[in-house]
Amino acid sequence: MPELPKRKVGIIACSGEESPEGTVTRLAALKVLESLRPHETVTICLPLFLAGGEGDRTFARFYPTVAVDGCEKRCAARGTEMYSGKPAISIVVNEAASIGSSDLGSARQLNETGMQVVNDVAAQIACHVDQLLDLKGDRRSGLPVDGPAPQEESQSRQATCSCSSSIPVTTLHVAGREVTFVALPLIFAQFREVGKLPDDSTKDDLLRAVKIYNVISDADETSYAQALLQEYSAFCRRDH
Amino acid sequence: MPGEILKVTVDKFTFRVPKGLSYSDAGVWVKLEGNRARLGLSDFAQQSSGDVAFANIKPDGTDLERGDAFAEVETVKVNVSVPSPVNGTIVEVNLSLAEAPELINQDPYGKGWLAVVELSDWENDRAYLLDAETYLALVKGQAAEEMKR
Amino acid sequence: MKEKVLIVPCSGIGKSYGTVAREGAYVVTEDLCPEKTMLVPVALLVLGEDEARSTLAGTEAITIDGCQLACAAKVVANSGGTVAHRVQVLDVFRSHRNLKPSGIAELDANGHKLARVLAEEVQELVNGMTGEVSHA
């Protein structure tokens, strides 16, 4: 059975050359990847993604992604959804209220206002990354602080094969429809190993863990949490 | 490329390690061909190094001791001195790399080979080499460390 | 009037060379030959932007790729475009070894120089496509 990979979030920016907002997405994504959350994020190169990069597409299927677009065309978000799955978060720079009709400079060279927008968007991305990975962040510095949620590093959690046949996929009936989840047996095995009981005390933690690898909307959380707990109970009975 | 290929994925990168080859811990693969060994960079070594811009390999007739640099590979990120995993003499150099160094990235276990060495001390050299499974484990660890940087 | 030559950079975010491709495209379309060229983002071509695709049809493109994966060239070809020239930043670097770039968000001095050299090579290609004669 393959091991669960370390939790990370994929950041995919449109990098649109036509507008300063496109440049904002590029610089904001790089700031998150290089300084704010370097160990928690992975860059997904949009041109490679669109041209058929299987590594990037597979990553985006199994990990949560944050798409950062310059405008309402939402190329990064649409591309991610087209080839992998809906991004967990979609940010559109020119819809941010703080920009209004501000002059950000040119696409080739942002001005001071543009660079401030870069910092603001980067902080937003970092915040979303924290929420997706259930981390706490310092709002002033934008850097993560110690918190209970990050996984402990261990030799057993290093790598897993990305081909679809080795990450298990499970289909459950939830609220009258079939829903496919990735990595459930692996998540269940980890929960079992740390002694999490298949009862209500585990429900929220289980939902949070499953959300790392599967997109679950807020509206569906209650029904999904219940279904996942039932499946975990069944897993524990089988495993016992 | 010989036999079954082992794979490991770290983040979005997949690294291939074919069985049937031996590997040094510096990421050089060795394919035994009679009393000669064909050498090249492993998939992990070439991916970690980046796109190759230039590859300079020591010429035919060069005597090597295990650990001597037999090639210099300049990539977009780093300049890599490639240590020989074996003792011997270079008898063939991959001349294609002068015009197409990108072969090292595109086909590291095939057309991207670096040199062929006439072996002089294989019985001792082989003791320092890793089989595919052991090298795969090494790659997992090294790749995970790279991702942390 | 002859159609503008499309310039399509990869703008890859993983390496300096992607930024060199991007900057080189700006130098071409804004500084060197703005009246003869037009920059087209890769993403718009793939995501079915009708305007971008109709611009591509019947017009030749020069793609500028930061690495051997050649994403811009692939995307243009797959979108029904004609790639007149595939420019690889790495090839330009091989001819100008002293200009090894670094930085992705912000190119260093070598990166800007390499982008300029690349842009001048692209300008030559554009001149060749539009029938212009280069003056030494």
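On a predicted model such as this, the values are computed, not experimentally measured, just so you know.

Q: Mind showing me how you'd approach the pattern of salt bridges here?
A: Note on pairing: side chains with opposite charge can pair once their charged atoms come close. All names here are of chain B. For the coordinates displayed, the defined rule picks out 24 salt bridges over all chains. The salt bridge involving R66 is made with D125; its shortest N-O contact spans 3.0 Å. Taken together, the positions of R66 in the loop between β7 (63–64) and β8 (69–75) and D125 in helix α4 (residues 122–125) put the pair 59 residues apart, joining distant regions of the chain. What makes R66 partly exposed here is its relative accessible area of 31%. Classification of D125 by relative accessible area gives buried; the value is 0%.

Q: Just checking my understanding: could you explain the sheet that holds strand β11 (residues 115–119) of chain B for this structure?
A: Residues and elements named next belong to chain B. What the 6 strands build is an open sheet, ordered β3-β4-β5-β11-β10-β7; its pairing is antiparallel. The open sheet has two edge strands, β3 (22–23) and β7, and neither has a second partner. Where β3 and strand β4 (residues 28–33) come together, 2 bridges link them in antiparallel fashion. Each residue of the ladder has a partner; that of Y23, found in β4, is W29.

Q: Help me understand the pairing of strand β3 (residues 65–69) of chain A in this model?
A: Residues and elements named next belong to chain A. With 5 of 5 residues buried, β3 is to be regarded as a mostly interior element. Of the two faces of β3, the one lined by T65, A67 and D69 and the one lined by V66 and V68 are each fully buried. Here 4 bridges tie strand β1 (residues 9–13) to β3, and the two strands are oriented parallel to one another. In the strand pairing of β3, G10 is matched with T65. Relative to strand β4 (residues 89–92), β3 is paired through 4 bridges, and the arrangement is parallel. Its bridge partner being in β4, V68 is matched across the sheet by I91.

Q: Just to check I follow, could you spell out the interface of chain C and chain A for this structure?
A: Quoted interface sizes are often the accessible area lost when the parts come together. If you look at the interface, chain C gives 27 residues, while chain A gives 28 residues. Between chain C and chain A lies a buried interface of about 2,400 Å² when both sides are counted; carbon and sulfur atoms form 63% of it. The three residues of chain C that bury the most area against chain A are I13, R22 and L47 of chain C, which together make up 30% of that side's buried surface. At the boundary of chain C with chain A, the tally comes to 3 salt bridges.

Q: Which parts of the structure should I look at to understand the confidence of the model for chain A?
A: Detailed conclusions should not be drawn from predicted coordinates in areas where pLDDT is low. Put simply, chain A has an average pLDDT of 80, and 80% of its residues get 70 or more. Low pLDDT, under 50, characterises residues 146–166 of chain A; the predicted model gives this stretch 42 contacts beyond four residues in sequence or across chains.

Q: Hey, could you run me through the interface of chain B and chain C in this one?
A: Taken together, the 15 residues of chain B in the interface contact 10 residues of chain C. A buried area of about 1,000 Å², summed over both sides, lies between chain B and chain C, and 47% of it is on carbon and sulfur atoms. The largest per-residue losses of area from chain B upon contact with chain C belong to D51, F54 and V76 of chain B, which jointly make up 52% of the total buried on that side. For the pair chain B and chain C, the interface holds 4 salt bridges. Across the salt bridge formed by E74 of chain B and R97 of chain C, the nearest N and O atoms sit 2.8 Å from each other. Counting every contact that joins chain B to chain C gives 8 residue pairs in polar contact (both at pLDDT 80 or more). Among the elements of the structure, β6 (52–57), β8 and α3 (103–106) of chain B are those that each provide at least two residues to the side of chain B that touches chain C. For the side of chain B that touches chain C, the element with the highest residue contribution is β6 of chain B, accounting for 4 residues.

Each value, and the rule that gives it
- Residues numbered from 1 in each chain as written.
- Chains lettered and ligands numbered in written order.
- Predicted model: local features only at pLDDT ≥ 70, side-chain atom pairs only at ≥ 80, totals over all residues.
- Heavy atoms only, no water.
- Salt bridge = Lys/Arg side-chain N within 4 Å of Asp/Glu carboxyl O.
- Helix = DSSP H or I, 4+ residues; strand = E, 2+ residues; numbered from the N terminus.
- Buried < 20%, exposed > 50% of the residue type's maximum accessible area, 1.4 Å probe, protein only.
- Pairing = 2+ DSSP bridges.
- Contact = heavy atoms within 4.5 Å.
- Buried area = accessible area lost by both parts, 1.4 Å probe.
- pLDDT = per-residue confidence, 0-100.
- Polar contact = N/O pair within 3.5 Å; in protein donor to acceptor, adjacent residues only side chain to side chain.

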